[in-house]
Amino acid sequence: MEPDNLIAFHPEKFLNQVQNHLFPNSMRMTSFENSGLDKEQVNALIRSRRSVFTNQFVPGREIPDVWIWQLLENARWAPSHKLTQPWQFTVFAGAGRQRLAIFQAELYKQKSGDKFKQDKYQKLLRTPLESSHVLAIGMKRSLTANIPEVEEVAAVACAVQNIYLGVTAFGLGGYWSTGGVTYYEEAKPFFGLEEQDKLLGFFYLGFVQIPSPKTSRIPISEKTRWVGE
Ligand SMILES: Cc1cc2nc3c(=O)[nH]c(=O)nc-3n(C[C@H](O)[C@H](O)[C@H](O)COP(=O)(O)O)c2cc1C
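Summarised in this report is the structure supplied together with it. Note that the structure is predicted; figures quoted are calculated from it, not measured.

Each helix and strand counted, the protein has 6 helices and 4 strands in total. Secondary structure elements of the protein, listed N to C terminal, follow the sequence α-α-α-β-α-α-β-α-β-β. For the protein, buried positions account for 24% of its 229 residues. The contacts of the protein with a sequence gap of at least 6 include a subset with a gap of at least 24, amounting to 81%.

Spelled out as structure tokens, the structure:
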């Protein structure tokens, strides 16, 4: 064991000690400032993220499966209360997209009755095939953790945002859809979901042919109350 006073031989430890001495807790550098990530690049990634729809994708161009695994790996690192990790994805790729297309179009036809619209049926048949991959987004309820459902849904939304950001970073396109059969109870088993689980929609993915136009947001000051004293 080296004595503690030999800190000069450990530059990182030395700097930490100086920092701890100079700055009270509230002023210390956050892990972000130490992360080595470029703040401006992170801001640009978050702020340039856009939804890109299937009719904007390059027809027939497939994303390598390893990229899809990387997007899913990013999803895996989302936060969740008690670390329940309630996300469950089903990936539809290659001929699997046709299975999704037929399933969702036929279920829609069966369920819509008088409200059936031929163009919606055709769209449900078409959009998976316009994509390279489609992820069905599931929330698998923890049976033991006793977490409010809204928190499990929120955790899955965090996972989907990670996917959105990965898609942006890779220069791909995609969007979260809650259309089609998302809210049909009968759809759940097809995606490996049970009664207590939820289907939260689909993430359509492809290479971008037509980028989405710039968008705007309400200033955050209008959405924020700041209590300073
Ligand atoms: C939970 C959720 C569900 C969505 N469902 C749909 C949808 O069903 N159809 C659609 O066109 N876009 C859907 N979107 C994408 C939004 O239309 C899109 O995020 C919004 O217009 C803002 O555009 P941006 O993502 O490019 O910033 C959904 C987004 C979220 C977060």
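There's plenty left to go through after this.
Now for the environment of L199. Residue position: L199 is located in strand β4 (residues 198-207). Under the C-beta neighbour-count criterion, L199 is labelled buried, with 23 such atoms within 10 Å. Along the chain, L199 and M139 lie 60 residues apart, while their C-alpha atoms are 6.3 Å from each other.

Another point: the site of the ligand. The ligand sits among R50, S51, Y175, W176, S177, T178, G179, G201, S212 and T215. For the shell around the ligand, the leading source of residues is strand β3 (residues 172-177), giving 3 residues. Of the residues that constitute the shell around the ligand, the class distribution is 2 nonpolar, 7 polar and 1 charged.

What follows is about the nonpolar core. Core analysis: the largest hydrophobic core is formed by 35 residues, its most contacted members being V134, I137, V156, I163 and F203. Of all the secondary structure elements, the ones that give two or more residues to this core are α3 (65-76), β1 (87-93), α4 (96-112), β2 (133-139), α6 (149-169), β3 and β4. Residue contributions to this core peak at 7 residues, all from α6. If near-sequence neighbours (up to four positions away) are discounted, F203 is found in contact with V134, L135, I137, V160, I163, G174 and W176.

Let us now look at the sheet that holds β1. Strand order in the open sheet made by the 4 strands is β1-β2-β4-β3, with antiparallel pairing throughout. The open sheet has two free edges, formed respectively by β1 and β3, since each of these has just one partner strand. The sheet shows a mean angle of 20 degrees between the axes of neighbouring strands, direction not considered. Where β3 and β4 come together, 6 bridges link them in antiparallel fashion. Note on β4: the bridge partner recorded for S177 is F202. Strands β1 and β2 of the sheet are contacted by α4, whose axis makes an angle of about 110 degrees with β1.

Conventions used here
- Residues numbered from 1 in each chain as written.
- Predicted model: local features only at pLDDT ≥ 70, side-chain atom pairs only at ≥ 80, totals over all residues.
- Helix = DSSP H or I, 4+ residues; strand = E, 2+ residues; numbered from the N terminus.
- Buried ≥ 20, exposed ≤ 12 C-beta atoms within 10 Å, placed from the backbone.
- Contact = placed C-beta atoms within 7 Å.
- Near = placed C-beta within 6 Å.
- Nonpolar A, V, L, I, M, F, W, Y, C, P; charged D, E, K, R; others polar.
- Core = buried A, V, L, I, M, F, W, Y, C linked by C-beta atoms within 7 Å.
- Pairing = 2+ DSSP bridges.
- Axes fitted to C-alpha atoms, helices over the stretch in contact; angles between N-to-C directions.

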